[in-house]
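As a plain string of letters, each chain reads:
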Amino acid sequence: MNKTKIRNLTLQAGLIALLLALFAYFGFNYIQNISQRNIEIGYGFMDDTAGFSISQTLIPYTEADTFGRTFVVGLLNTLLASVISIILATLLGFVVGLMRLSSNKLMSNTALFYVELLRNIPPLLHVLFWYQVVFLNVLPPFKESFKLGEWLYINVRGITIPSFVPQENAVAFHIITFIAICGIIYLGIIKKQMVLRGVHKRLWPWQVLLLLVPVVYAWLTGPYRMVLPQITKFKFSSGMTMRPELFSVVVAMATYTSTYISEIVRSSILAVPKGQLEAAKSLGFPSYRRLQLIIVPQAMRTMIPPVTNQYLNIIKNTSLGMAVAYPDLTAVFAGTTLNQTGRALEVMALVMVTYLSISLVTSLLMNWYNRSIIDRKGDLISKEDIPVE
Amino acid sequence: MSLKATFKLSAAALITALLSLTIVSCGSKETAVTAEATAAPAESSTSTLDLVKERGKLILGVTAGVPGYSAPDGEGVWQGFDVDLGRAVAAAVLGDPDAVECRPLSAKERFTALQSGEIDLLCRVTTWTATRDAELGVNFAGVNYYDGQGFMVAKDSGIKTLADLDGATIAVQAGTTTELNLSDYFRKNGMELELITFEANEQAAAALEAGRADAVTSDSSQLYALRTKFKEPENFDLVPELISKEPLGPVVREGDDQWLDIVTWSFMTMLNAEEYGVTSANVDEMKASSDNPNVKRMLGVEGGVWEGFGLGADAGYAIIKSVGNYGESFDRNLGAGSPLNIARGYNALWVDGGLQYGMPIR
């Protein structure tokens, strides 16, 4: 072992010892403070009655439920906002990214303007803008709601559409739909294998036929009943309402993050070697097939790791919804529940672990998808696209 | 590991450590202050009355600036409903209502400041509760404002009473007892509620103003203050009922009964003066010509009441002459004569159906 190695090892060991000592000191202090107050550390409080109400709940919840249930309610609200934001941000990002690459100057400049304007504003301002400016100051009051027939109401209290109540035969409809989707996927796999073996046979008409089965079934039997929104004194007694709080968070997150995703899409496409495009051209692929078969699959490889980062950012940034009263995990559990119970350490630790788990699971799924693409690229693209005589 | 990497690691370690510190300390802060306040020894060897006389001025603990209750005016002079009570005590003790030094205190500092003798009297929108009386070594000298959790609604909403709020959307500030009181009340009465929880009272009020919510709830004094910031304050009003009790009053150190009596009776004098129609304008005339024995005793014409407290005979007269009666002070700072425009409500005199009841001066 040379001198440098020894010095480095000593430094590292010292640092770790210092860290451990620091944590031990904080832990000791905490336990001492807690025991002075005759409070036991633990999650027993999760079974106590919460006593406060929450505006948006995906599962049944009343004030008589426990603090543990407020955690689930908050978590589901976080996941709801995250999932919608991720889907919208991906779609928007893709479209804007492709627009920026367009040879049409109007298109590419519009995209450039969109990206530069939105990504240089802090995300909190996005959220506040949609809530304070758009919802609270621009949209009409509840009683003078903007209406589109009987189906759509837009006002300061949110966006309301009819709800669909499942009927008795809804179960049968779900089963038929599920079977049809499985069939379509199965045919897709068969098709790929046939291509690899060099057999060319049309299977898509069968897939369309399978898709038509549940549609026709739904049309004939009506598994859902549409219930139009009904205005009562204070709110809609029926129909589905997207509250302004959720809307603001979702739109803010989707537009803000879509700018980053669009840049990732653009740079990934530019990163595909030019020779690939030229080769595709010389083989006579039309432009949309070039994009679909040659460019995007190769760009995907570069795209997915940075896009995963953006997804994680969205999940974490939904906690900004706290600023506009969106009842997510941070606002409900790390906010109100913490305040009511005073269990700072337990609540904060649980919330941190939860965000960590959501993020890790998301990365895991995205990495898994990434690997599956790379595998396929090696096999499929080269073989599928060479016409087999 | 390179030196640079080591630096990076140590920086990360430091940040982690700081973070954990913040989390840990957040949990224990509140109680630590209370514990300190409890432990502080009551300093009461000399009487507060002698101290104030010797010093020549009264040191009054007030808010850092709540309009109507205690806030500095354009010239930096403290004005307000709570300040008036301090001025009344100064007038009674020193004969000079302006011999008051106001000391702005945060909610956490207030009891410690009183305990340690830094201030003589605390008039800082402080709620009278059993725990405070029992554990903090302080005494409450009365209730000068009956506050409580109220509801502000738009006048054109057709909501006149609490019962009309069944099914309404209500905005509230997060993490307060207000939030819990509200849910409890609605649950108890079988009413439906949609609660939107904001980080700040101002945001909750803005939600009402924009029509996002049907009502905003908080302590009624807070709601009146929030209303002054609305674009059209005249379009909003409070429903008459309150769902919690927040009696606000002056606080003194425990262990000095004479001083407690002086503060209590300075306040009672203001209440009695309103009941008997004595105002700052007519107090000279009343003193000279009133036949009412209550008024005579109050203004020191007969009875020798004030000497019993260790004060001059004209202490009562000085209070009314300089500060006015309870109603005058209320109107000037909180009521119709102020931007807050608070209705008397529970703070009306008992003879008018309110709760303010001046003990008899005899």
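Residues numbered from 1 in each chain as written. Chains lettered and ligands numbered in written order. Predicted model: local features only at pLDDT ≥ 70, side-chain atom pairs only at ≥ 80, totals over all residues.

Looking only at helices and strands, one finds eleven helices and six strands in chain A. The C-alpha atoms of chain A give a radius of gyration of 27 Å, which is well past the 21 Å a tight globule of 389 residues would have. The buried share among the 389 residues of chain A stands at 28%. Of all intrachain contacts in chain A linking residues separated by at least 6 positions in sequence, the fraction that spans at least 24 positions is 68%. (Helix = DSSP H or I, 4+ residues; strand = E, 2+ residues; numbered from the N terminus. Rg over C-alpha atoms; globule rule 2.2 N^0.38 Å. Buried ≥ 20, exposed ≤ 12 C-beta atoms within 10 Å, placed from the backbone. Contact = placed C-beta atoms within 7 Å.)

On to the overall build of chain B, then. Along the backbone of chain B there are 13 helices and 14 strands. The buried share among the 362 residues of chain B stands at 46%. Residue pairs at least 24 apart in sequence account for 73% of intrachain contacts in chain B once pairs closer than 6 positions are excluded.

On to the interface of chain A and chain B. Residue-level contacts link 40 residues of chain A with 36 residues of chain B. Among the secondary structure elements, those contributing two or more residues to the side of chain A that touches chain B are helix 1 (3–36), helix 4 (123–138), helix 10 (329–341) and helix 11 (344–385) of chain A. Take the side of chain A that touches chain B: its biggest share by element is ten residues, from helix 1 of chain A. The residue makeup of the side of chain A that touches chain B, split by class, is 22 nonpolar, 13 polar and five charged. (Nonpolar A, V, L, I, M, F, W, Y, C, P; charged D, E, K, R; others polar.)

For the rest of this paragraph, the subject is the packing of helix 3 (residues 105–119) of chain A against helix 7 (residues 244–271) of chain A. When two helices pack together, their arrangement is given by the angle between the helix axes and by the axis-to-axis distance. Residues and elements named next belong to chain A. Relative orientation of the contacting elements helix 3 and helix 7 amounts to 125 degrees, with a least axis distance of 9 Å. The angle between helix 3 and helix 7 falls in the class oblique. Note that helix 3 runs across helix 7; the crossing there is left-handed. Contact residues: helix 3 offers Ala111, Tyr114, Val115, Leu118 and Arg119, while helix 7 offers Thr255, Tyr256, Thr259, Tyr260, Ser262 and Glu263. Along the lines of polarity and charge, the residues of the contact of helix 3 with helix 7 split into six nonpolar, three polar and two charged. (Axes fitted to C-alpha atoms, helices over the stretch in contact; angles between N-to-C directions. Parallel < 35°, antiparallel > 145°, perpendicular 65-115°, else oblique. Left-handed = near helix turned anticlockwise from the far one by under 90°.)

Along the chain, A:Glu263 turns up in helix 7. As a C-alpha pair, A:Glu263 and A:Asn38 span 225 residues in sequence and 55 Å in three-dimensional space.

On to the nonpolar core. What tends to happen in soluble globular proteins is that the nonpolar side chains get buried as a cluster. Ranked by internal contacts, the top residues of the largest apolar core, which has 149 residues, are B:Val89, B:Ala92, B:Ala171, B:Ala215 and B:Val216. Considering each element in turn, this core owes the most residues, 13 residues, to helix 7 of chain A. The residues that make up this core include at least three from each of domain 1 (48–146 + 247–352) and domain 2 (149–244) of chain B. If we ignore the near neighbours within four places in the chain, the residues touching B:Val216 are B:Met152, B:Ala171, B:Ala204, B:Ala205, B:Ala207, B:Leu208 and B:Leu223. (Core = buried A, V, L, I, M, F, W, Y, C linked by C-beta atoms within 7 Å. Domains from an automatic or database assignment.)

The next point concerns the environment of B:Val283. Along the polypeptide, B:Val283 turns up in helix 10 (residues 283–289). Other than its neighbours up to four places away in sequence, B:Val283 contacts B:Val278, B:Tyr317, B:Ile320 and B:Lys321.

All names here are of chain A. Across the sheet, which stays open at both edges, the four strands sit in the order 1-2-3-6 with antiparallel pairing between neighbours. Looking along the sheet, the strands with just one partner apiece sit at the ends: strand 1 (146–148) and strand 6 (240–242). Recorded for the sheet is a direction-independent mean angle of 15 degrees between the axes of neighbouring strands. Direction of pairing for strand 3 (residues 158–161) relative to strand 6: antiparallel, over a ladder of three bridges. Opposite Ile159, over in strand 6, you have Met242 as the bridge partner. (Pairing = 2+ DSSP bridges.)

Before going further, it helps to spend a moment on unusual backbone geometry. Note: most residues except glycine have negative phi, and most peptide bonds are trans. At B:Val125, a position not held by glycine, the phi torsion is positive, near 25 degrees. Unusually for a residue other than glycine, B:Asn341 sits at a positive phi of about 55 degrees.

When pLDDT is averaged along chain A, the result is 88, and 95% of the positions lie at 70 or above. Every residue in residues 377–389 of chain A scores below 50 in pLDDT, and together they form eight contacts with partners more than four places removed in sequence or on other chains. (pLDDT = per-residue confidence, 0-100.)

Turning our attention to the domain arrangement of chain B. Residue and element names in this part refer to chain B. Here the domain parsing of chain B yields domain 1 (48–146 + 247–352) and domain 2 (149–244). Put simply, the middle of domain 1 and the middle of domain 2, counted by C-alpha atoms, are 31 Å apart. Taken together, the contacts link nine residues of domain 1 with five residues of domain 2. Each residue belonging to the side of domain 1 that touches domain 2 can be placed in one class, and the counts come to seven nonpolar, two polar and no charged.

Before going further, it helps to spend a moment on the pairing of strand 3 of chain A. Residue and element names in this part refer to chain A. Covered by surrounding structure in strand 3 are Gly158 and Thr160 only, the residues Ile159 and Ile161 on the alternate face being uncovered. Note that strand 2 (residues 152–155) and strand 3 share three bridges and pair antiparallel. Bridging across to strand 3, Ile154 finds its partner in Ile159. Here strand 2 hands over to strand 3 after two residues, the two strands then running antiparallel side by side.

Let us now look at the environment of B:Asn341. Note on placement: B:Asn341 falls in the segment after helix 13 (326–333). Taking the C-alpha atoms as reference, B:Asn341 lies 9.9 Å from B:Glu234; in sequence the two are 107 residues apart.

The subject of this paragraph is the confidence of the model for chain B. When pLDDT drops low, the exact placement of atoms in the prediction is not to be read closely. All names here are of chain B. Scored by pLDDT, chain B comes out at a mean of 87, with 87% of its residues at no less than 70. Ignoring residues within four places in sequence, the model shows residues 21–44, a span with pLDDT below 50, making 35 contacts including any to other chains. Both scores are given for the predicted complex: the pTM is 0.76, the ipTM 0.77.

Next up on the list: the pairing of strand 8 (residues 149–154) of chain B. All names here are of chain B. Counted residue by residue, strand 8 has five buried out of six residues, so it is predominantly covered. As paired elements, strand 8 and strand 12 (residues 236–238) share three bridges and run antiparallel to each other. Bridging from a neighbouring strand, Ala154 pairs with Phe236 of strand 12.

On to the packing of helix 3 (residues 81–94) of chain B against helix 12 (residues 315–322) of chain B, then. Residue and element names in this part refer to chain B. Two numbers describe how helix 3 lies on helix 12: the axes approach to 8 Å, and their chain directions differ by 140 degrees. The angle between the axes of helix 3 and helix 12 places the two elements in the oblique class. In this structure, helix 3 crosses over helix 12, and the sense of that crossing is right-handed. In contact with Arg87, Ala88, Ala91 and Ala92 of helix 3, helix 12 contributes Ala315, Ala318, Ile319 and Ser322.

All names here are of chain B. The strand order across the open sheet built from five strands is 10-9-11-8-12, with neighbouring strands paired in mixed fashion. Only two strands of the sheet have a single partner each, and these edge strands are strand 10 (193–198) and strand 12. Pairwise comparison of adjacent strand axes, ignoring direction, gives a mean angle of 30 degrees for this sheet. Alignment of strand 9 (residues 168–173) against strand 10, held across six bridges, turns out to be parallel. Paired with Ala171 across the strands is Ile196, a residue of strand 10. Here helix 6 (residues 177–188) sits on the sheet in contact with strand 8, strand 9, strand 10 and strand 11 (215–219), set at roughly 155 degrees to strand 9.

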